[in-house]
Amino acid sequence: MAKDKLLFTPGPLTTSETVKSAMLHDYGSRDIVFIETVKKVRSQLLELAGVSKEEGYESVIMQGSGTFGIEAVISSVIPANGHLLIIINGAYGERISKMATIHKIPQTRMVFEENEIPSLSAIEKELKSNAAITHVAVIHCETTTGIINPIEKIGDLVKKYGKVFIVDAMSSFGAVPVNVKEAKIDFIISSSNKCIEGVPGFSFTIANRDALCQAKGNARTLALDLYAQWEGLESNGQFRFTPPTHAILAFNQAINELMKEGGIPGRAKRYSRNHQQLVEGMRALGFKEYLPIEKQGYIITSFHYPAHPNFNFKDFYSKLNDKGQVIYPGKLSKVDCFRIGNIGQIYPKDIEVLLKCIAEVLEEMGIDKF
Ligand SMILES: *Cc1c(COP(=O)(O)O)cnc(C)c1O
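Residues numbered from 1 in each chain as written. Predicted model: local features only at pLDDT ≥ 70, side-chain atom pairs only at ≥ 80, totals over all residues. Heavy atoms only, no water.

(A) Quick look at the domain arrangement of the protein chain. The domains assigned to the protein chain are domain 1 (6-10 + 263-364) and domain 2 (18-260). Placing a centre on the C-alpha atoms of domain 1 and another on those of domain 2 gives a separation of 27 Å. With 25 residues of domain 1 in contact, the opposing surface of domain 2 contributes 29 residues. With both sides pooled, the region where domain 1 packs onto domain 2 buries about 2,300 Å², and carbon together with sulfur makes up 54% of that total. Summed over the three residues of domain 1 that lose the most area to domain 2, namely Ile 264, Arg 267 and Lys 331, the buried surface amounts to 28% of that side. For Arg 267, the salt bridge is made with Glu 197, and the minimal N-O distance between the two is 3.7 Å. In this assembly, domain 1 and domain 2 are joined by 19 residue pairs in polar contact (both at pLDDT 80 or more). For the side of domain 1 that touches domain 2, the secondary-structure elements that each account for two or more residues are helix H10 (263-285) and strand E11 (300-304). Broken down by element, the side of domain 1 that touches domain 2 gets its largest block of residues, six residues, from H10. Grouping the amino acids of the side of domain 1 that touches domain 2 by side-chain chemistry returns eleven nonpolar, eight polar and six charged. (Domains from an automatic or database assignment. Contact = heavy atoms within 4.5 Å. Buried area = accessible area lost by both parts, 1.4 Å probe. Salt bridge = Lys/Arg side-chain N within 4 Å of Asp/Glu carboxyl O. Polar contact = N/O pair within 3.5 Å; in protein donor to acceptor, adjacent residues only side chain to side chain. Helix = DSSP H or I, 4+ residues; strand = E, 2+ residues; numbered from the N terminus. Nonpolar A, V, L, I, M, F, W, Y, C, P; charged D, E, K, R; others polar.)

Shown next as structure tokens:
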């Protein structure tokens, strides 16, 4: 079989051979081995979140990609008389706002620049003055740029004013340490195919049990009813609808490999090293990062287009693609950037090859100094 291209993207990501081969089994949805695997995975997810059932936390797996998991939370935990404050500094915050609009959930949008850390004093002012707010949502690593938002500090404010706290940690969970309890998070969402390095197929939510129980009967859809999904998983260990059997088997193996790497700290170390090597190499080639270093996380990095008349992203992308290196377009509203992910089965030797390919492509495009 030809070697797969390497994915320097925010997901799906490059996965290990062993994760891929773990999928090569057909299990029925009621198979004992499968049900045991689901149970094990759900309890390992709590462990990764630094919480336990005894402390009042639950994990709920939902079929579909990450967005389905977020929509499950947004559409089923906010009651009819609720009001969502959304802290936005990128496309994924905007996506939550869109969900609220579709589900006719009253919302307050606090929009910050894409290279700006949301202002804690502005958030506090809003929480203090807007008594209608019942829930607050924010993105942990805004994958639009790679910026890391201060969820612990935001969590302190959310709880100071007695609101429910929802965090989209899609691109950070498993690689950026978060203590869900200390950060006062009620619902944190991620998916199978990001930093845990499984294959796409489902999302998961770690929820505060009391907050989850409050969601009973609030759902605006049948399939994405978070409470009903949890109730189903708890009662007989099964999913309400066709389970992502193969993706769960791969995920179980992916968690084993994460643990072997030293858990979240071990993975954080490898991704940070990837990021550092990437930034140093890109700077040496003349590229500039979009974010100042102090705001930049190690998950994904945005780079400005080179200021050179010969540069054209489409050509740049496809020439790299031909060399087996898959990068990602930008998603910024005002600036031309492209993104390079540091996550997945990517190691320093892979970053070295990527940098070499980028240098070759620049030469092929006739781009020297910029
Ligand atoms: C990847 C991602 C999502 C979910 O995207 P899907 O394509 O539905 O998996 C949501 N939020 C953030 C911050 C992400 O990085």
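Read on, since the account is not over.
(B) Geometry of the site of the ligand. Of all residues adjacent to the ligand, which total 13 residues, the nearest are Ser 65, Thr 67, Thr 143, Asp 168 and Lys 194. Within the side chain of Ser 65, an N or O atom sits 2.5 Å from an oxygen atom of the ligand. Taking Thr 143, its side chain carries an N or O atom lying 2.5 Å from an oxygen atom of the ligand. Burial of the ligand by the protein amounts to 86% of the accessible area it has alone, namely 380 Å². Among the elements of the structure, helix H3 (66-77) and helix H4 (91-102) are those that each provide at least two residues to the shell around the ligand. Broken down by element, the residue count for the shell around the ligand peaks at three residues, all from H3. Grouping the constituent residues of the shell around the ligand by class yields five nonpolar, five polar and three charged. (Near = heavy atom within 4 Å. Areas by Shrake-Rupley, 256 points an atom, 1.4 Å probe, with all protein chains shown as cover.)

(C) Local environment of the pairing of strand E5 (residues 135-139). For E5, the buried fraction is high: five of the five residues fall into the buried class. By the alternation rule, side chains of E5 split into His 135, Ala 137 and Ile 139 and Val 136 and Val 138, which are all buried. Sheet topology places strand E3 (residues 84-88) next to E5; three bridges connect them, and they run parallel. Bridging from a neighbouring strand, Ile 86 pairs with Ala 137 of E5. The sheet contact formed by E5 and strand E8 (residues 164-168) spans five bridges and is parallel. Bridge pairing links His 135 to Val 164 in E8. (Buried < 20%, exposed > 50% of the residue type's maximum accessible area, 1.4 Å probe, protein only. Pairing = 2+ DSSP bridges.)

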